[in-house]
Structures are given as structure tokens and as C-alpha cells.
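Fold and contact review
Residues per chain, in single letters:
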Amino acid sequence: MRRHLVTALLVLAVIALFATPLLLDRDSEYAGTDSQATELVQESDPGYEPWFESVFSPGSSEIESGLFALQAALGGGVLGYAIGRLRGRRTAQRAAAESPTPGP
Amino acid sequence: MHIAEGFLPPAHAIGWTVAAAPFVVHGARCVVKEVREHPESTLLLGAAGAFTFVLSAIKLPSFNGSSSHPTGTGLGAVLFRPPVMALLGTVVLLFQALLLAHGGLTTLGANAFSMAVVGPWVGYGAYRLVRRVGGGLLPGVFAAMALADLATYVTTSLQLALAFPDAESGLVGAALKYLGVFAVTQVPLAVGEGLLGVLLFRVLTVNARPELERLGVLRPAPEPGFGAEPRPASGAETRPASGAENRPGSGAGTGTAEREELR
């Protein structure tokens, strides 16, 4: 039980960590640091022109967030698959060890 | 921490690319070698790459009203040592540069250097240090994840300061300015990433014990017969597999993770 309790507390801590700013500061836009840095560069060096354009830019913020979601989904899928395989292997080993005729 | 496409002067872009390239090439060799010699670690390699892939796609709010994303490179650095992450992190950055217009090809070298080289090495160093002074596996993992994340953003700040020193306050002023954007935002995210890493390692220590022992992350379990063994070999009590992990903490043979924690 203790193991599950620790897991639950860890999950809660992670959620709390990212929910608190949203609750404390509802009006903030939570702009990305990448774009803030870009603005700072242009402030400190107004003459600077980016000398290269992205080869592909998502047409709208909807497409962009969709692609971000795709990235997260791909990563989550692979991560889940790997952990699922490892867990299944362990379950199978345990079953083999406990069965009256152990496998090879 | 992405420096946007075209936002580093050509000399800097080339310089960082030259600096990062050997690490990435060496990392690619390490990945190939690992997969060839130990095909069974492919699953864990996939998990480490996937973890970075997920985390760097998720933008999270921070206490100072801006948002940023974790990097997830500490996990692979602890498991497979930092060179492997030089390749995996760069692949993630390349994906984002090509498909998301985040970061860029001209700034790929600089971004790879901060996220795929400095982050994993700092994280790995922190992990080794915690273990050396007697800290357990999970505190070590927490330090690795959090500091790999933070070090990445500090590096980005310094890269920008080098390229765009402040007109009045010079390099130091510019560095402080960019650290104000990147490092401050990143502190809570680094803590969150550390906690996520601990969660994931708790799962791995139970389910991927043989791999972790081979990789030297976990010490091999004591020989059977010394106390109760939670390994499958015991088979003394028959339990349903689903309830296997939740034996009372005070009993013998608690989850191996907890025993590891005490080291």
C-alpha cells in the first residue's frame, strides 16, 4: 500500500505544481519563453534581421497545437508501449516461476 | 529553450553546430553499439527517447506568468550515459525544427548543444554526485532530471547573451536578462520534471530490473536465500500478479525500489 500512496502523492505534487500558477494568476497570458527571448533580442538589437526562415511553418495556431499534440502522442505511445512490454515480461516471468512446470 | 530560426548570427550558428556535432556523432555511435550488443535495451532506449519527445512537446505554465517545456533528457543520461542523449535529444529538436517551426535548422547546433549535450552531462554529473555522497537512486534521479532541465535553459541564456551582448551592461547584463526569462521560469518546471522522473524510475525499478542491473543503475539483488526475495524466483507464496507490488512496507521484501532508496 505504501508504494501506491507514494505514487499518488508524487502525481498530486506534479499536478499541484502546474495548477497553482493558473489559479494564482488567472490573467496572465503565459507566453512562451522562446518568443519572449526573441522579443528581447529585437529590443536589444533592433537592426537584427533573422537571416533564415523556417523551412515549414504550421499555417495556424490550430495546426501548430495539433502537431504538438501529435508529438506528445507519439512519445506517449512509445513510452507506454515500452513500459507495457516490460511489465508484461515481468508478469510472464512471475507466472512461469509460479507454475508447477517451470519454462526453460 | 529553442532559439528561433535565424536568431543567431551566422558565425554563432556555425560555431555551435561545430561544437555540438562531435557529441551527436559520438552519441549515434553509442546508440548503434548499445543496440547491437544489447538488443534487449532497445525498449528502454525507446522509452528514454520517447520521454524526451513527450516532455519537450508539453508547454507548462510557470509562476512568473510565462510558460515553457521540460526537456526529459536526464532519464536517458542516467540510464545510458549522456552520449546517447546527444543523439536522441537532437532527433527531437530536428523534428520540432522541421515540423513545428520551433527552433530551427540554423540554430539546431546551439539548441542541441544546450539540450542534448550540456543538459544530459550536467544531469549525469548531478546523479553521480548524489550517489557518491550516499544518496539513493531516486534522489539521484530527481537531481539528474531537475538539473539537466535547468542547465539546458541556463545554457540557452548564455548562448543568447554571447550573441547579443547588452549595449550598456555588456555580456553579464545580457546574460542576467536572458536568465531572467529562461532560468526563473524553469525552476518549477525542473522540480516537476524531477518528480516525473522519480515516478517513471519507480516503475522501471520494478519492471526493468534486469536491464537496470546490467546498466549499473541498480545493484544486483542479493543472492536468493538472504531474506525474502521479491524476485520471481521466490515463488514461495502464490499471489495474483496484479497485487504483486503492494506488499506492506514494513514486511520483508518490500518493493526493491524502496530498499534501493535507503542506500
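Residues numbered from 1 in each chain as written. Chains lettered and ligands numbered in written order. Predicted model: local features only at pLDDT ≥ 70, side-chain atom pairs only at ≥ 80, totals over all residues. Heavy atoms only, no water.

Chain B is annotated in an unreviewed UniProt entry as Cobalt transport protein CbiM of Modestobacter roseus. What UniProt states about chain B under its Subunit (unreviewed entry) heading is, verbatim, "Forms an energy-coupling factor (ECF) transporter complex composed of an ATP-binding protein (A component, CbiO), a transmembrane protein (T component, CbiQ) and 2 possible substrate-capture proteins (S components, CbiM and CbiN) of unknown stoichimetry." Listed in UniProt under the heading Pathway (unreviewed entry), the comment for chain B reads: "Cofactor biosynthesis; adenosylcobalamin biosynthesis." (UniProt positions renumbered as here; feature names shortened; annotations may be inferred.)

As annotated in an unreviewed UniProt entry, chain A carries the name Cobalt transport protein CbiN and comes from Modestobacter roseus. Comment text from UniProt for chain A, heading Subcellular location (unreviewed entry), reads "Cell membrane". Reading the Function (unreviewed entry) entry of the UniProt record for chain A gives the comment "Part of the energy-coupling factor (ECF) transporter complex CbiMNOQ involved in cobalt import."

1. Digging into the UniProt feature "transmembrane region" (unreviewed entry) in chain B
Residue and element names in this part refer to chain B. The feature "transmembrane region" (unreviewed entry), as given by UniProt, occupies residues 43–63, 84–102, 108–130, 137–158 and 178–204 in the numbering adopted here. Taken end to end, residues 84–102 comprises 84% helix and 0% strand; its first and last C-alpha atoms sit 23 Å apart. As a span, residues 178–204 carries 100% helix and 0% strand, and end to end its C-alpha atoms are 36 Å apart. (Helix = DSSP H or I, 4+ residues; strand = E, 2+ residues; numbered from the N terminus.)

2. Looking at the confidence of the model for chain A
Chain-level statistics for chain A give a pLDDT mean of 89 and a share of 95% at 70 or above. Looking over chain A, one finds the lowest element-wise mean pLDDT in strand β1 (residues 31–32) of chain A, namely 88, and the highest in helix α3 (residues 61–98) of chain A, namely 93. (pLDDT = per-residue confidence, 0-100.)

3. Some details on the layout of surface pockets
All names here are of chain B. In this structure, the largest pocket occupies an estimated 500 Å³ of space. Together, 24 residues line the largest pocket, and V78, L79, R81, Y124 and L215 are the ones closest to its centre. The set of elements that each furnish at least two residues to the lining of the largest pocket consists of α1 (10–37), α3 (73–80), α4 (82–99) and α5 (108–132). With five residues, the single largest contributor to the lining of the largest pocket is α5. Of the residues assigned to the lining of the largest pocket, the class counts are eleven nonpolar, four polar and nine charged. (1 Å grid on protein atoms, 1.4 Å probe; cavity = no way out; pocket = protein on both sides within 12 Å on 5 of 7 lines; lining within 4 Å. Points joined across faces, edges and corners; volume = space filled by probe spheres on them. Nonpolar A, V, L, I, M, F, W, Y, C, P; charged D, E, K, R; others polar.)

4. A short note on the environment of V203 of chain B
With respect to the helices and strands, the residue V203 of chain B is situated in helix α7 (residues 170–207). Take V203 of chain B: its relative accessible area is 31%, and that puts it in the partly exposed class. Taking the C-alpha atoms as reference points, V203 of chain B and P61 of chain B, separated by 142 residues in sequence, lie 26 Å from one another. Contact partners of V203 of chain B, with chain neighbours within four places excluded, come to R3 and I83 of chain A. (Buried < 20%, exposed > 50% of the residue type's maximum accessible area, 1.4 Å probe, protein only. Contact = heavy atoms within 4.5 Å.)

5. Structural notes on a nonpolar patch on the surface
There is a patch of nonpolar side chains on the surface, built from W51, F52, V55 and F56 of chain A together with L94, L98, L99 and L105 of chain B and spanning about 630 Å² of accessible area. By the secondary structure assignment, V55 of chain A is in the loop between α2 (33–44) and α3. Under the relative-accessibility criterion, V55 of chain A is labelled exposed at 52%. (Patch = residues over 30% accessible without salt bridge, like charges linked within 9 Å, V, L, I, M, F, W, Y side chains within 5 Å. Areas by Shrake-Rupley, 256 points an atom, 1.4 Å probe, with all protein chains shown as cover. Salt bridge = Lys/Arg side-chain N within 4 Å of Asp/Glu carboxyl O.)

6. A closer look at the interface of chain B and chain A
On the chain A side, the residues contacting the 76 residues of chain B number 63 residues. Roughly 6400 Å² of surface becomes buried between chain B and chain A when both sides are summed, with 67% attributable to carbon and sulfur atoms. Together, F7, L43 and N207 of chain B form the three largest contributors to the area buried by chain B at its contact with chain A, with a combined 10%. Here chain B and chain A share one salt bridge between them. Across the pair R89 of chain A and E211 of chain B runs a salt bridge whose closest N-O atoms are separated by 2.6 Å. The interface formed by chain B and chain A includes 19 residue pairs in polar contact (both at pLDDT 80 or more). Looking at which element gives the most residues to the side of chain B that touches chain A, the answer is α7 of chain B, with 19 residues. (Buried area = accessible area lost by both parts, 1.4 Å probe. Polar contact = N/O pair within 3.5 Å; in protein donor to acceptor, adjacent residues only side chain to side chain.)

7. Side note on the nonpolar core
Counting residues in hydrophobic clusters, the biggest one holds 44 residues, and the most contacted among them are L44, L75, L79, F201 and L204 of chain B. Take this core: its biggest share by element is eight residues, from helix α2 (residues 42–55) of chain B. L40 and L67 of chain A together with M115 and V118 of chain B belong to the second-largest nonpolar core, a separate cluster that totals 37 residues. (Core = buried A, V, L, I, M, F, W, Y, C linked by side-chain atoms within 4.5 Å.)

8. Let's talk about the sheet that holds strand β2 (residues 66–68) of chain B
Strands sit in the order β1(A)-β2(B)-β1(B) across an open sheet of three strands; the sheet is mixed. Strands at the two margins of the open sheet, each flanked by one partner only, are β1 of chain A together with β1 (60–61) of chain B. (Pairing = 2+ DSSP bridges.)

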